[in-house]
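Residue-level structure breakdown
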Amino acid sequence: MADPKSGAGTSQTKPPPPKESKKKDEKKDEDLSEEDLALKQQLELYVERVQDPDPGLQKVALESMRQEIRSATSSMTSVPKPLKFLRPHYGTLKAFYETMPESDLKKYLADILSVLALTMSAEGERESLKYRLLGSEGDIGSWGHEYVRNLAGEIGQEYAKRQTVDAPIEDLMELVQQIVAFHMKHNAEPEAVDLLMEVEDLDLLVEHVDSTNFKRTCLYQTNAASILHSYIKFVKIKAELKVSTRYLPGPDDMLVLDIAYTIYLKFEEYANAMQIALLLDNMQHVRQVFTSCEDVLKKKQLCYILARHGITFQLDDEMGGDEEDREPLQEIINNSKLSESYLTLARDIEVMEPKSPEDIYKAHLLDGRASAGGSVDSARQNLAATFVNAFVNAGFGQDKLMTAPADASSGNTSGNWLFKNKEHGKTSAAASLGMILLWDVDSGLAQIDKYFHSNDNHVIAGALLGVGIVNCGVKNDCDPALALLSEYIGKEDSSIRIGAIMGLGIAYAGAQNEQIRSSLTPILNDAKAPLDVIAFTAISLGLIYVGSCNEEVAQAIIFALMDRSESELGEPLTRLLPLALGLLYLGKQESVEATAEVSKTFNEKIRKYCDITLLSCAYAGTGNVLKVQNLLGHCEAHLEKGETHQGPAVLGIAMVAMAEELGLEMSIRSLEHLLQYGEQNIRRAVPLALGLLCISNPKVNVMDTLSRLSHDTDSEVAMAAVISLGLIGAGTNNARIAGMLRNLSSYYYKDASLLFCVRIAQGLVHLGKGLLTLNPYHSDRCLLSPTALAGLVTMLFACLDMKAIILGKYHYVLYFLVLAMQPRMLMTVDENLKPLSVPVRVGQAVDVVGQAGRPKTITGFQTHSTPVLLAAGDRAELATEKYIPLSPILEGHVILKENPEYREEN
């Protein structure tokens, strides 16, 4: 029987109920159905029998009680009746347990107490876990899913507590093994991953996944890594958090992805493994995927993924097999056939007809005054038309200004158009030919060649830049761009030098080419070189070594910054040097810290600007909430003596927060607040930040904000808003934005500068006649292309000082956007890589991470035949079972293999 002491203890905690409550209990009993009443009395009898001195009776009572509880807890929608009726006896059973001698019966009772603690135990006591560890070793799943989930939660808390006092955890880990096995068997993969994250032992996952659940497990892991990674340090550890986010700061989110990578490799899902290898930016993993994959077709699909990501990658014998196999693979990685696919898409959609700037302006739709103003032939208007023409006909190989055949009657040959531009305008005009012939290297170089024989330095500079643009994103074994441009780097004329240097930066972005580094770094430390040459050299090196953390390049840029005189530090172009330094650490987080320390020694004029630019670049695309808070803090201060660091801080917020949807929405709201109370230089940067957040994705709320700002009294705010309208609508042909810009062109018809910006925006909205996107994210928003982001950021930083750079003589920085231009297509190809038209469903992507069953991944779909265009937020899936896609994400080039099990229905 119960020990009197313990009996006294329990009676102190539970005083005898007063008469009123006795009456209430009787009334409650009356409310119960006969069945429930019988169960209640039965359970009370069991409780009495458990305390009987006879072990035989105890055993029968415990067995019966177990049976009752088990049958009630297998599916739990409300508190099961046995647990409800046993609630008053929990204290009694606990007290009796303490008095029992060690035996199997005591373990049996511990099991029952562990289950009762599910509803009875006080907050933070973890009694369910305590009695589970004292109980028998039986199958925990038999007590029901809710019990297992509760145990998992208590294990997380207990583990954290034991870690602080260095207590042993072996008993916990045995239980974790059982729970993970149970979860994996019962389609609760996210809960298994959460538990293993809490006990810091994700490696266990690899042995528990099988072919039925590995996809759901990895999908949850990759999403958990990116999302938790964003909110990590923001949410301080709370015991009640189901996913204890502190396990995923810094390197631990990489660990989660690493495990997912291992699982994908184990199940030979090479395309998924490749995406994770790229997400981790781990070239070792990329090589491993190639060497593990035996199937040549699958290797070709991997090459398409690499090509879309825009990295330079050389296959060796081990990865690509013999030369015969390796050559076609390397050709795909080099993007040699990108132009061909793009033109196939254009023909399919029937947009091959070249468009003139007038077709875009649609001046006939406006009132008289604006259309009359448009016919005057001014150099600024012609320059705008050059850019519009380049953006709209990008990659089509023909247009009506630069490549039109010489027609004596119209007199509108390319030579004529070129000379309708003044001085530096000719540079952009000649370079626009590169944009029109984008990705078509052979034809491009042949057509640009004639400008190299010009007597005008500006034209030669444009031709050099054009060569760089044609080669953008396309690698070539004989390096034609390097051969052509390196001759001109050391010329005396600074515009020619800038053309060659910028051309190299665009053609070899991300290539980390040592030969170019050895030619360009001496320019940075050349005392005689003009500031603009030094600024563009730094940017080109930043692009070529983007995200590489290369110390030699970083040192060269740091010395160049230190050598600048007081007056030069005030120049807008000098601000491109810190940006170039930041590009070296793009997305590399903590790796920037040493360089950031060095930047604290710079002249105070540029110190803060450099510090914030480095921070923004290093955490770009990570979604790190603490960094966003830090940058918002810089925006709060009211500045004196012309400091300029708040512009980069605002852009930095967009760069960091663009990683995932939730952070993106929150930062749009924060930017709205900055507009209301920020200083003027903040208001000038906010539109650009909005442009980056919604690039090629015209969200209505952002569109309305920018439309409002485009009429702002401060012309710089209005200019930034107009350019951003172009960026959010880039390549979408969005009719609403096109209408807004037409109205703005009539509103600003007397203001040449603003009209120029409106024209540029109009060109962007119709980028590639609506076939291109500037979004640096691809593969279902999973991967961020570093070169694309670098090009966008460079152009946006230049826009922080519109008047000096874009409206001055450096308007060709707009061509940095070419780094982010990609066809927004789904092109399906057969096993010989020839286009293959199949039906696909295209609809809004739905987030299905961690959802039960097999939910639909798209909604509101329409069925089209490939090739098709994909808008922001769209996802495609095959509408036929005749073929099997070799890539899990239908985007870009996807190879289809015939399904051997497919039977045509009659």
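Residues numbered from 1 in each chain as written. Predicted model: local features only at pLDDT ≥ 70, side-chain atom pairs only at ≥ 80, totals over all residues. Heavy atoms only, no water.

**Re the overall build of the chain**
Put simply, the rule reads: Elements are defined by DSSP. Helices are runs of H or I of four residues or more, strands are runs of E of two residues or more, and each kind is numbered from the N terminus. The cut-offs for exposure are 20% and 50% of the maximum accessible area for each residue type, with area from a 1.4 Å probe on protein chains only; residues under the lower value are buried, those over the upper are exposed, and the others partly exposed. Any two residues having at least one pair of non-hydrogen atoms within 4.5 Å are treated as being in contact. In short, Shrake-Rupley with a 1.4 Å probe defines the accessible areas, and a residue's cover is counted only from the protein chains shown.
Secondary structure assignment for the chain yields 45 helices and 11 strands. Taking all 906 residues of the chain together, 56% fall into the buried category. In the chain, of all internal contacts separated by at least 6 residues, the share reaching a separation of at least 24 is 71%. Surface exposure of the chain reaches about 38200 Å², of which carbon and sulfur atoms provide 49%.

**Remarks on the sheet that holds strand 11 (residues 892–898)**
Under the convention used in this document: Only strands that DSSP links by at least two bridges are regarded as paired with each other.
Reading across the sheet, the 4 strands line up as 8-5-11-10 and stay open at both edges, with mixed pairing between neighbours. Two strands lie at the open edges of the sheet, namely strand 8 (868–869) and strand 10 (883–885), each paired on one side alone. In the sheet, strand 5 (residues 825–829) pairs with strand 11 via 4 bridges, with the strands oriented parallel. The residue of strand 11 that forms the bridge with L826 is G892.

**As for the packing of helix 42 (residues 715–728) against helix 44 (residues 752–765)**
Relative orientation and spacing of two packed helices are given, respectively, by the angle between their axes and the distance between those axes. As a reminder, the rule being used: The convention used is that axes are lines fitted to C-alpha atoms, helices contributing only their stretch in contact, and that angles between N-to-C directions extend from 0 to 180 degrees. Under this scheme an angle from 65 to 115 degrees is roughly perpendicular, one under 35 degrees roughly parallel, and one over 145 degrees roughly antiparallel; angles in between are oblique. For a crossing to be left-handed, the near helix must be turned anticlockwise from the far one by less than a right angle; the clockwise case is right-handed. Think of it as three bins: nonpolar holds Ala, Val, Leu, Ile, Met, Phe, Trp, Tyr, Cys and Pro, charged holds Asp, Glu, Lys and Arg, and polar takes everything else, Gly as well.
Running from N to C, helix 42 and helix 44 point in directions that differ by 15°, and their axes come no closer than 7 Å. On the basis of the axis angle, helix 42 is roughly parallel to helix 44. Considering only the axes of helix 42 and helix 44, their crossing is right-handed. Contacts between helix 42 and helix 44 involve S715, A718, M719, V722, I723, L725, G726 and L727 from the former and S753, L754, C757, V758, I760, A761, L764 and V765 from the latter. Its residues assigned to classes, the contact of helix 42 with helix 44 comprises 13 nonpolar, 3 polar and no charged.

**Comments concerning unusual backbone geometry**
Following T866, the chain continues into P867 via a peptide bond in cis, with omega recorded as 0°. With respect to the element layout, P867 can be found in the loop between strand 7 (858–865) and strand 8. Non-glycine residue W439 carries a positive phi angle of around 70°. For W439, a relative accessible area of 3% puts it in the buried group.

**Some thoughts on the pattern of salt bridges**
Convention followed: Here, a salt bridge means any side-chain nitrogen of Lys or Arg that lies within 4 Å of a carboxyl oxygen of Asp or Glu.
In this structure the tally under the stated criterion is 22 salt bridges. Between R564 and E568 there is a salt bridge whose closest N-O contact spans 3.1 Å. Among the ionic pairs, K699 bridges to E661, the shortest N-O distance being 3.5 Å. Note that K699 is positioned in the loop between helix 40 (680–693) and helix 41 (700–709) and E661 in helix 39 (residues 661–677), a separation of 38 residues in sequence.

**So, the nonpolar core**
To keep it simple, the criterion reads: Working definition of a nonpolar core: buried Ala, Val, Leu, Ile, Met, Phe, Trp, Tyr and Cys residues. They are joined through side-chain atoms within 4.5 Å.
Counting 296 residues, the largest nonpolar core has F290, F391, L774, Y815 and M821 as the members making the most contacts within it. Discounting chain neighbours no more than four positions away, the residues touching F391 are M435, I760, G763, L764, H766, L767, G768, L814, L817 and M821.

**Some words on a negative patch on the surface**
How we decide: Patch membership requires more than 30% relative accessible area and the absence of a salt bridge. Residues of like charge join within 9 Å; the nonpolar side chains Val, Leu, Ile, Met, Phe, Trp and Tyr join within 5 Å. We treat Lys and Arg as the positive residues and Asp and Glu as the negative residues; His and chain ends play no part in the count. The atom standing in for a charge is NZ when the residue is Lys, CZ when it is Arg, CG when it is Asp and CD when it is Glu.
Side chains of D322, E323, E324, D325, E327 and D477 sit close together on the surface and give a patch of like negative charge. Mapping E324 onto the fold places it in helix 19 (residues 323–333).

**Digging into the packing of aromatic side chains**
Cut-off, in case you're wondering: A pair of aromatic rings is counted whenever rings of Phe, Tyr or Trp (Trp by its six-membered ring) have centres within 6.5 Å, and the orientation is called stacked for planes under 30 degrees apart, edge-to-face for over 60 and tilted otherwise.
For the structure shown, the criterion picks out 13 aromatic pairs. Summarising the aromatic geometry, the rings of Y342 and F396 are spaced 5.3 Å apart at their centres and angled 55° between planes, so their arrangement reads as tilted. Within this pair, whereas Y342 is found in helix 20 (residues 338–349), its partner F396 is found in the loop between helix 23 (379–392) and helix 24 (414–418), the two being separated by 54 residues in sequence. As far as the burial class goes, Y342 and F396 line up, both buried. With 5.1 Å between their ring centres and 40° between their planes, F387 and Y815 make a pair best called tilted.

**What to know about helix 17 (residues 296–309)**
Selection criterion: Residue count minus one, scaled by 1.5 Å, sets the expected span of a helix. Contacts described as polar in this section are N or O atom pairs within 3.5 Å, which, within protein, must combine one atom able to donate a hydrogen with one able to accept it, while residues neighboring in sequence count only if both atoms come from side chains.
For helix 17, spanning 14 residues, the distance from its first C-alpha to its last is 20 Å, which sits close to the expected 20 Å at 1.5 Å a residue. Burial runs high along helix 17: 11 of the 14 residues are buried. Looking at helix 17, one finds that the buried residues are L297, K299, K300, Q301, L302, C303, Y304, I305, L306, A307 and H309. One side-chain oxygen of the residue at the start of helix 17 lies 2.8 Å from the amide nitrogen of L297, identifying that residue as D295. Two residues or fewer after helix 17 comes G310, characterised by a positive phi angle close to 80°.

**Topic: the packing of helix 39 against helix 40**
Running from N to C, helix 39 and helix 40 point in directions that differ by 160°, and their axes come no closer than 10 Å. Taken together, the axes of helix 39 and helix 40 are roughly antiparallel relative to one another. Where helix 39 crosses over helix 40, the two elements pack in a sense that is left-handed. Residues L664, S667, I668, L671, L674 and L675 of helix 39 form the contact with helix 40, whose participating residues are I682, R683, V686, A689, L690 and L693. When grouped by side-chain class, the residues that make up the contact of helix 39 with helix 40 number 10 nonpolar, 1 polar and 1 charged.

**Thoughts on the confidence of the model for the chain**
Stated formally: What pLDDT expresses is the predictor's confidence in each residue, scored from 0 to 100.
Taken residue by residue, the chain gives an average pLDDT of 83. The fraction at 70 or more is 89%. In the predicted structure, residues 230–249 sits below a pLDDT of 50 and forms 49 contacts with residues beyond four places in sequence or in another chain.

**What to know about a nonpolar patch on the surface**
The grouping of F559, M562 and V598 at the surface amounts to a nonpolar patch, some 260 Å² of accessible area in total. Considering the arrangement of structural elements, one finds F559 in helix 32 (residues 551–562).

**A word on the sheet that holds strand 6 (residues 839–845)**
In spatial order, the strands read 7-6-9; together these 3 strands make up an open sheet with antiparallel pairing. Because the sheet does not close on itself, it has two edges, and the strands there are strand 7 and strand 9 (874–878). This sheet shows a mean twist of 30° between the axes of neighbouring strands, independent of strand direction. Bridge analysis of strand 6 against strand 7 gives 6 bridges, and the strand direction is antiparallel. Paired with V840 across the bridge in strand 7 is H864.

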